[in-house]
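# Coordinate analysis (summary)
Given next are the chains, with one letter for each unit.
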Amino acid sequence: MITKIIQEEKIQKAKKYVEKGESFVIVTHVTPDGDALGSSLGLYHFLTAYGKDNVTVVVPNEFPQFYKWMPGAKDIVIHEKYPEFAEQLIGEADVIFCLDFNEPKRIEKLAPAVLAAEGRKVLIDHHLDPADFCRVEMSYPQMSSTSEMIFRFICRMGIFDLMNQEAAACIYTGMMTDTGAFTYNSNKPEVYVIISELIKKGIDKDLIYRKVFQVYSEARLRMQGYVLYEKMKTYPEKHAALITLSKEELGRFNYVTGDTEGFVNMPLNIEGVSFSVFIREDKDYIKVSLRSVGDFPCNQFASRYFNGGGHKNASGGEFHGTLDEAIAVFEKGLKEFNPNKTEEIEKLI
Ligand code: 5GP
Ligand code: MN
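What comes next concerns the included structure. The structure displayed is predicted, hence computed values, not measured ones.

### Some thoughts on the site of ligand 1
The immediate surroundings of ligand 1 are formed by 13 residues, with His-127, Lys-287, Ser-289, Arg-291 and Ser-315 found nearest. Side-chain polar atom of His-127 to an oxygen atom of ligand 1: 2.7 Å apart, as the coordinates give it. In the environment of ligand 1, an oxygen atom lies 3.0 Å from a nitrogen or oxygen atom belonging to the side chain of Arg-291. Contact with the protein chains covers 83% of the free accessible surface of ligand 1, which is 500 Å². Sorting the residues of the shell around ligand 1 by element identifies β10 (286–292), β11 (309–310) and β12 (314–319) as the ones contributing at least two each. For the shell around ligand 1, the element with the most residues is β12, which contributes 4 residues. Looking at the shell around ligand 1 residue by residue, the class counts come to 1 nonpolar, 9 polar and 3 charged.

### Section: the sheet that holds β11
Strand order in the open sheet formed by 6 strands is β7-β8-β9-β10-β12-β11, with mixed pairing between adjacent strands. The sheet terminates laterally at β7 (232–235) and β11, the two strands that pair on one side only. Across 6 bridges, β10 lies against β12 in antiparallel orientation. When the bridges of β12 are listed, Val-288 appears paired with Gly-317. This element, helix α11 (residues 298–306), spans β9 (275–281), β10, β11 and β12 of the sheet and lies at about 10° to β12.

Rules behind the numbers
Residues numbered from 1 in each chain as written. Chains lettered and ligands numbered in written order. Predicted model: local features only at pLDDT ≥ 70, side-chain atom pairs only at ≥ 80, totals over all residues. Heavy atoms only, no water. Near = heavy atom within 4 Å. Polar contact = N/O pair within 3.5 Å; in protein donor to acceptor, adjacent residues only side chain to side chain. Areas by Shrake-Rupley, 256 points an atom, 1.4 Å probe, with all protein chains shown as cover. Helix = DSSP H or I, 4+ residues; strand = E, 2+ residues; numbered from the N terminus. Nonpolar A, V, L, I, M, F, W, Y, C, P; charged D, E, K, R; others polar. Pairing = 2+ DSSP bridges. Contact = heavy atoms within 4.5 Å. Axes fitted to C-alpha atoms, helices over the stretch in contact; angles between N-to-C directions.

Geometric values such as these leave the question of function open.
Laid out in structure tokens, this is it:
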């Protein structure tokens with residue numbers, strides 16, 4: 001048995017929407033990751049198995065190639081490619097599930113359509129401080145992933161039989177990717193009870209690992225070598241490390257979306273490094289990824305210096321300016337915030 005974490009009243013309200021609704025849209029955050037896609041497709045397969053034939057996952061923009069194998073991935077509507085169609089679906093949906101994001105800003109150009117839509121909105125998410133824009137709000141930051149919440153949501157509706165192998169594979173993918181293959185944020189015993197149930201549904205968890213994590217191009221692996229050898233800067237007295245990549249450098253290694261995923265975690269393999277930041281020059285802004293181990297809340301660093309947020313140990317943000325300016329902001333932040341003394345941060349906020 002797993003503990004009842006989501007409030008019963010919320011489950012019953014959302015269940016009613018599921019029973020009565022005919023058209024469903026599931027939306028998730030920009031640059032969808034494994035959990036965004038896993039939770040959305042997990043719910044998509046469940047609703048389809050329930051007998052709903054008008055269910056669509058809508059994402060703001062393209063997602064990495066190594067998630068394209070996920071069952072249902074090819075039916076996802078990408079707003080950036082088909083804006084009118086995506087907005088029409090959202091406008092006409094009876095029910096809109098908002099998964100793996102806590103505020104409209106995280107769905108960027110999809111936000112106006114979702115906010116204006118009249119369908120009933122249900123938030124299922126594990127980020128802190130949810131904005132008030134959904135009728136039903138299931139926000140539980142203690143969860144490993146939104147995918148874990150989808151598992152719990154389906155269980156609690158009492159229709160676990162309708163979770164098929166496809167749904168289970170998607171849910172597993174989200175749980176796996178949001179915990180770095182169960183290496184962080186994954187100490188709760190129930191996570192493993194859930195995995196055992198997913199395996200009983202017929203998933204091959206070892207194959208899923210391989211499909212997501214062991215499918216690099218040669219250029220991608222060489223870029224990793226370049227980054228570690230030439231681009232990683234450490235700040236030993238701050239227990240911190242920084243990696244930066246310019247557009248030119250990305251081009252040299254034939255960068256495609258997703259190629260730099262995981263780079264931010266690499267410096268954490270160094271003994272004594274507990275805070276790592278990766279700054280990448282994107283098309284029209286600078287993307288910042290932050291990770292920490294232990295008590296240092298990198299989401300506070302993200303929010304203070306890079307207009308972002310996220311989880312205590314995994315967060316992100318953005319910067320508008322040059323790469324050098326972003327680096328200067330990071331180094332200024334390091335001087336003000338000591339990653340090893342969190343109580344100093346409390347004083348600053
Ligand atoms: P990543 O570094 O993988 O892009 O993001 C890690 C986590 O940080 C995400 O799961 C998300 O919670 C959060 N995050 C990333 N970018 C942003 C951002 O621009 N704003 C906020 N509020 N959170 C972000
Ligand atoms: Mn997530």
